[in-house]
Amino acid sequence: MNSRNHARTLRAALLAGAGSTLLIAAMPAMAQDASTTAPQAEEDDAIVVTGIRETIQNSINTKREETAIVDALSSDDIGDIPAISVGQAIQTITGATTHREKGDASEIALRGLGPFLSNATFNGRDATNGSGDRSVNFNQFPSELVNNIKIYKTQQASLVEGGVAGTIEIGTLRPLDFGKRRLQGEVKAQYNPYGDRIVGSGGIGWRGTLSYVDQFANDTIGIAIGVQRNDTNNPEETYAASTTWTACQASPVVTNNNCNEYTRDEYGQNLPFYLVPNAYTFRQISETDKRDAVFGSIQWRPSDQFNINLDVQYSDRTFVESRRDLNLSEARRSLTNVVFDENGIVQSLSGQSAIESNGSELSRAEEYLGGGLSIEWQPSDRLTLTVDGSYSRTIRVEDERNVRLRTDPTDVNGVRTVFNNMRIPYTYEITPGSFVPTITIDPRFDLNNHDLFWDDARLRRDQSRRHNEIIAGRIDAGYEMDGFFSKLTAGARWSEMTFRDYDVRNGDFNLNPALAEDRRINNLCRNRAFPQTGFLSAADGNSINSWATFDVDCLFREYLGSEDPGAREDKRSPANRDVTERTLAGYIMADYDADLGNMPVRGNIGVRVVKTDVTSNGLRSDLAIIDNGDGTVRLETTGDFETVTIKSSNTRILPSVNAIFEVAPNTLLRVAGYRAMSRPAPSALGAGRTFTIDADNFTSVEEAIGNVRANGSPRLKPLMSWNADAAIEWYPNKDSVLSATLYYKQFNGGFQPVVFDEAFVIDGQTVTVPVTQTRNSPDKSRIYGLELTAATRFSFLPKPLDGLGTKVSYNYADSNFTNEDVRLGDQYDPETETVSPGIIPSAGLSGYSKHVLSAQAYYEIGPVSLQAIYNYRSKYYQDFVGGNSQLRYVGPSETVDFRASLNLMKGVSLRFEALNIFNEPKATYMPVYGSSRQYHYYGAKYFVGIRALI
């Protein structure tokens, strides 16, 4: 085991041991507090609790009072959610974990299940995103402007459908309910040690937040507004293989030693094979990240009968990346001395490849706008009517300019190189216990010599745009009753979700100027120094630390006459998606509250009916058939497109029941049974079809268009599950909880690659060819799991140690759900109704981790507050947005964060936060676990700031 993995294992053992010790120590603390006398309890109630302890107390109380099984993070004050982002905050909640991008928490997985199985709402309403799936980019929302987060682990009929794993509810405060005036400001400086290694950067950033809450007109009108500016940097360095992997036959070896692909028709022969990507890339990234956010609400309560709330959230985020790549673009060429294991994972090989120095400038602008108007009317003491209208929109636009410069038999001065070949020998080796391979370029080739990178200059200008919008309205009625049923609630909801995207390229400028012009531009546009120091120094075994790089703006200007040729005007493409999803849902639910003998029991029972209609419009290129005159034909695009519309509809019935039994004082037994649904990602519902035509002579039109690529499967249905949960919860005091939850989910159908025959009209001729897509398989699968939570404050310890407290949560899940690799996995044939076996194992649920652990320890007494948070997540499969891609796995991850605050005077506090303090990277594997695909390193981040309120 190498030193890095040894340190990681040791740290994990120490932290897990510490968490277990705290968990055991919590038992006597809970028992002692549970036996506290009534007078002492009254004395404790008089103490004003703030900070971390208050947040944990509120979270425990929310968990206890909710009817469904819920875990929460709640604060009475704006900005007291203890995290730098909403994603960071959510991962401290039992059963929740995150997928990290650039070192920050982004998509959320619940109970070890992927984000596509969860539903996220903002103030009770669906929220959009720019990713093309249904997860929410929580980085868009500043934690300083959010004051409660709930995770519903079980469903009830009144909740918006869509969460098999659960529903994440993010809430902002209502100003009249807040009940006091507050003006609060906070400024934080960020330091990123890794950013300090970027040439010309000091790794410094900042974020500032200002919020104001007030009430007017005898407390009938309230306003709340919060603004934030975030200006930080998130540099990153990676090693990556391409996203397309091929199984190469180990024997026979072809003459030129190139990869001899193992085709699906040969899978039944059980031939030995090894897995290789199309390319290997070393990438250095410098980045700036800016975000402006505004959250506001107005609450009007003119009388006891009316309560009107209007809230708006706006976020505008832009980040700019400068990427410098060293690319071995021919990873399947001239392969010799290949050593691989029984799973086809390469351990070492030798090859030859053209080497490229590539540069790109990428900018992403993402704008979120959401909000709604809610009107609550209480015409009588028993009846409450609520009408709610909402809007959510996310627009994400990415622009990228990319330049490629390649090796050649000569250098830019026309001098023959020692190889007299554009392809350079290299070796690849990955040692046991490491996830970063050692790629060694022939030492006679100087990676830092700009003269060697000049040939086949290619410039690209790409733009992609994703537009996701949700318009929704709902009406709910609640009637208070006497007897066993305490309340009857019914309601209806209508929503329309649209998702449109495009990804277009303005030219693929392959340039072939005179050598003298290449020489002039090469010398003019060189970067004299590598953009950072210590590139991939943390990667054990890495031997590539720098290479010759070039100024992208200069290359565009000198080759094309413009630094930016702009986006292509005609943005039509078969890869575009245009999806509209209309939903009509209705529900009825009854709350009950009674005694079963001497045991109080409460809960609800209800049913929700959901009808979903999907309309997907896709483009197909118009093709002309050209007769070659020798019995063969070729196809040429005419520039026109045909729009094809595919529709799909489904209706689902979702019953639910929740029951809570107070089996003893401060002890609750909860049981729940429900049916839940999770819809496929909007980007997976595309109807576009792309023809890949890579030859000029075919014997038939069917042969010419035989390679059709689908950009989605509009007929995909929601993933359905039947679910059962049982929980036992003990609340000995306000600071403590001990709970255990067992859960079981049975899924009706998974996702499986399938080949459907589709008809195409080509130049007036109708032809039918197979198209690989994704379908809902008829298989049944299941998942069962266990959640444990323990939290307490060690009030039994002598002062000042009585300020210590802890919270530990753990989730275990076991699933037999399967996802197949689209190229190398099992494939279903609808004509024969048979499955042809693949050659690599299937993956589980996207985002599914077997183990998730979160441990927190805090110390809070007087003006001092300290908190350490440890998060661990075992490996998981992560699909690519849009589907129809190969399997990708993310390795185990663990992070340690630290937070501290010091009250300097009344209303003024000094705050410090550190994220990922042990510099843990992220590793991914493809298409089988253990086959190294990508390594991300982004380092730690530190924040220091001051908060003041009046």
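Quick note: structure is the one above.
Remember, it's a predicted structure, so these values are computed and weren't measured experimentally.

The rules behind each value
Residues numbered from 1 in each chain as written. Predicted model: local features only at pLDDT ≥ 70, side-chain atom pairs only at ≥ 80, totals over all residues. Heavy atoms only, no water. Helix = DSSP H or I, 4+ residues; strand = E, 2+ residues; numbered from the N terminus. Rg over C-alpha atoms; globule rule 2.2 N^0.38 Å. Buried < 20%, exposed > 50% of the residue type's maximum accessible area, 1.4 Å probe, protein only. Contact = heavy atoms within 4.5 Å. Areas by Shrake-Rupley, 256 points an atom, 1.4 Å probe, with all protein chains shown as cover. Lys, Arg positive; Asp, Glu negative; His and termini not counted. Charge placed at Lys NZ, Arg CZ, Asp CG, Glu CD. Salt bridge = Lys/Arg side-chain N within 4 Å of Asp/Glu carboxyl O. Polar contact = N/O pair within 3.5 Å; in protein donor to acceptor, adjacent residues only side chain to side chain. Pairing = 2+ DSSP bridges. Axes fitted to C-alpha atoms, helices over the stretch in contact; angles between N-to-C directions. Arc of directions from axis to C-beta. Patch = residues over 30% accessible without salt bridge, like charges linked within 9 Å, V, L, I, M, F, W, Y side chains within 5 Å. Disulfide = S-S within 2.5 Å. Parallel < 35°, antiparallel > 145°, perpendicular 65-115°, else oblique. Left-handed = near helix turned anticlockwise from the far one by under 90°. Nonpolar A, V, L, I, M, F, W, Y, C, P; charged D, E, K, R; others polar. Phe/Tyr/Trp six-rings, centres within 6.5 Å; stacked < 30°, edge-to-face > 60°.

A.B. asks: Sorry if this is basic, but what is going on with the overall build of the protein here?
C.D. replies: Assigned secondary structure in the protein consists of 8 helices and 45 strands. Relative to the compact-globule value of 30 Å for 950 residues, the protein shows a C-alpha radius of gyration of 30 Å, a close match. On the principal axes, the C-alpha backbone points of the protein span a range of 95 × 60 × 55 Å. For the protein, the residues scored as buried account for 57% of the 950 residues in total. Look at the contacts in the protein between residues 6 or more apart in sequence, and 75% of them connect residues 24 or more apart. Of the roughly 37,400 Å² that the protein leaves accessible, carbon and sulfur atoms contribute 54%. Taking the 95 positively charged and 118 negatively charged side chains of the protein as two groups, their mean positions are separated by 2 Å.

A.B. asks: Quick question: what am I supposed to make of the pattern of salt bridges here?
C.D. replies: When charged atoms on two side chains of opposite charge get close, those side chains can pair. Using the criterion set out here, one finds 59 salt bridges in the structure. Residues Arg-111 and Asp-725 are paired through a salt bridge, measuring 2.8 Å at the closest nitrogen-oxygen approach. Taken together, the positions of Arg-111 in the loop between β3 (104–110) and β4 (118–122) and Asp-725 in strand β29 (residues 719–730) put the pair 614 residues apart, joining distant regions of the chain. This pair shows no difference in class: Arg-111 is buried, exactly as Asp-725 is. Linked through salt bridges whose partners overlap, the residues forming this network are Lys-63, Asp-71, Arg-111, Lys-153, Arg-670, Asp-725, Glu-729 and Glu-787.

A.B. asks: Looking at this structure, I do not really get the side chain of Asn-711. What am I missing?
C.D. replies: Relative to the helices and strands, Asn-711 is located in strand β28 (residues 708–712). Take Asn-711: its relative accessible area is 9%, and that puts it in the buried class. Of note is the side chain of Asn-711, whose polar atom sits 3.1 Å from the backbone oxygen of Ala-575.

A.B. asks: Explain the environment of Pro-432 to me, please; I cannot follow it from the model alone.
C.D. replies: When you line up the elements, Pro-432 lands in the loop between β19 (423–429) and β20 (438–441). Separated by 235 residues in the primary sequence, Pro-432 and Arg-197 have C-alpha atoms spaced 29 Å apart.

A.B. asks: Explain the sheet that holds strand β5 (residues 125–126) to me, please; I cannot follow it from the model alone.
C.D. replies: Strands pair in a sheet through their backbones, by hydrogen bonds, and they do so in one of two ways: parallel or antiparallel. Taken in spatial order, the 5 strands make up an open sheet running β1-β6-β7-β4-β5, and their pairing is mixed. Each end of this open sheet is capped by a strand with a single partner; those strands are β1 (70–74) and β5. Relative to strand β7 (residues 166–171), strand β6 (residues 148–152) is paired through 5 bridges, and the arrangement is antiparallel. Pairing of Ile-149 across the sheet is with Ile-170, part of β7. Where helix α3 (residues 51–65) meets the sheet, it contacts β1 and β6, and its direction lies at approximately 150 degrees from that of β1.

A.B. asks: Please clarify how unusual backbone geometry should be interpreted in this entry.
C.D. replies: The bulk of non-glycine residues show a negative phi, and the bulk of peptide bonds are trans. Going from Lys-799 to Pro-800, the amide bond is cis rather than trans, its omega being 5 degrees. Cis geometry is found at the peptide bond from Met-926 to Pro-927, where omega equals -10 degrees. You can see Pro-927 is positioned in the loop between β43 (922–925) and β44 (932–937). At Asp-456, a position not held by glycine, the phi torsion is positive, near 50 degrees. With respect to the helices, strands and loops of the structure, Asp-456 is situated in strand β21 (residues 455–480).

A.B. asks: How should I be thinking about the pairing of strand β16 (residues 336–340) in this particular structure?
C.D. replies: Consecutive side chains along a regular strand alternate between the two faces of the sheet. Note that β16 and strand β17 (residues 346–377) share 3 bridges and pair antiparallel. Bridging from a neighbouring strand, Val-339 pairs with Ser-348 of β17. Following β16, the chain reverses through 5 residues before pairing antiparallel with β17; Gly-344 in that reversal takes a positive phi of roughly 85 degrees.

A.B. asks: What's the story with helix α6 (residues 515–524) in this structure? I'm lost.
C.D. replies: Two residues of an α-helix separated by three or four positions point the same way, owing to the 3.6 residues in each turn. Those residues of α6 that sit buried are Asp-518, Ile-521 and Asn-522. For α6, the angular spread of buried residues about the axis comes to 105 degrees, placing them on one side. Buried residues along α6 sit in contact with α7 (552–560).

A.B. asks: What exactly am I supposed to notice about a negative patch on the surface here?
C.D. replies: Among the surface-exposed residues, Asp-622, Asp-640, Glu-642 and Asp-763 lie close enough to one another that they form a single negatively charged patch. Along the chain, Asp-640 falls in strand β25 (residues 633–664).

A.B. asks: Hey, could you run me through the state of the cysteines in this one?
C.D. replies: Defined simply, a disulfide is a covalent bond joining two cysteines at their sulfur atoms. Per the stated rule, a full pass over the model turns up 2 disulfides. Here Cys-248 pairs with Cys-259 through a disulfide, and the sulfurs are 2.0 Å apart. Taking the torsion about the S-S bond as the criterion, the Cys-248 to Cys-259 disulfide, at about -105 degrees, is left-handed. With Cys-248 in strand β12 (residues 245–249) and Cys-259 in the loop between β12 and β13 (273–277), this pair connects stretches of sequence that are 11 residues apart. Owing to a relative accessible area of 0%, Cys-248 belongs among the buried residues under this scheme. For Cys-525, the disulfide goes to Cys-554, at an S-S distance of 2.0 Å. Between Cys-525 and Cys-554 the sulfur-sulfur dihedral comes to about -70 degrees; the bridge is accordingly left-handed. Within this pair, whereas Cys-525 is found in the loop between α6 and α7, its partner Cys-554 is found in helix α7, the two being separated by 29 residues in sequence.

A.B. asks: Please clarify how the packing of α6 against α7 should be interpreted in this entry.
C.D. replies: A pair of packed helices is captured by two measures, namely the crossing angle of their axes and the spacing between those axes. With their axes 10 Å apart at the nearest point, α6 and α7 run at an angle of 155 degrees to one another. Judged on the interaxial angle alone, α7 and α6 are roughly antiparallel. Seen from above, α6 lies across α7 with right-handed handedness. Counting all contacts with α6, which are made through Glu-517, Asp-518, Arg-520, Ile-521 and Leu-524, the residues of α7 involved are Cys-554, Leu-555, Glu-558 and Tyr-559. Among the residues making up the contact of α6 with α7, the classes are represented as 5 nonpolar, no polar and 4 charged.

A.B. asks: Would you take a moment to explain the packing of aromatic side chains for this structure?
C.D. replies: The tally for this structure, following the rule as stated, stands at 23 aromatic pairs. Measuring from centroid to centroid gives 6.4 Å for Tyr-280 and Tyr-426, while their planes differ by 75 degrees, and the two rings are edge-to-face. On the criterion of sequence distance, the pair formed by Tyr-280 in strand β14 (residues 280–303) and Tyr-426 in strand β19 is long-range, its members being 146 residues apart. With a relative accessible area of 2%, Tyr-280 lands in the buried category. The interplanar angle of 55 degrees and the centroid separation of 6.4 Å between the aromatic rings of Phe-898 and Phe-912 together place this pair among those described as tilted.

A.B. asks: Looking at this structure, how should I read the side chain of Ser-932?
C.D. replies: With respect to the helices and strands, the residue Ser-932 is situated in strand β44. Not counting residues up to four positions away in its chain, the partners in contact with Ser-932 are Tyr-239, Trp-245, Ile-430, Phe-435, Val-436, Pro-437, Thr-924 and Tyr-925.

A.B. asks: Would you mind going over the environment of Leu-452 with me for this structure?
C.D. replies: Looking at where Leu-452 falls in the secondary structure, it is placed in the loop between β20 and β21. Relative accessible area serves as the criterion here: at 12%, Leu-452 is assigned to the buried category. Between the C-alpha atoms of Leu-452 and Tyr-942, which are 490 residues apart in sequence, the distance is 40 Å. Dropping the residues within four chain positions of it, Leu-452 is found in contact with Arg-406, Thr-407, Asp-408, Asp-411, Thr-417, Phe-445 and Asp-446.

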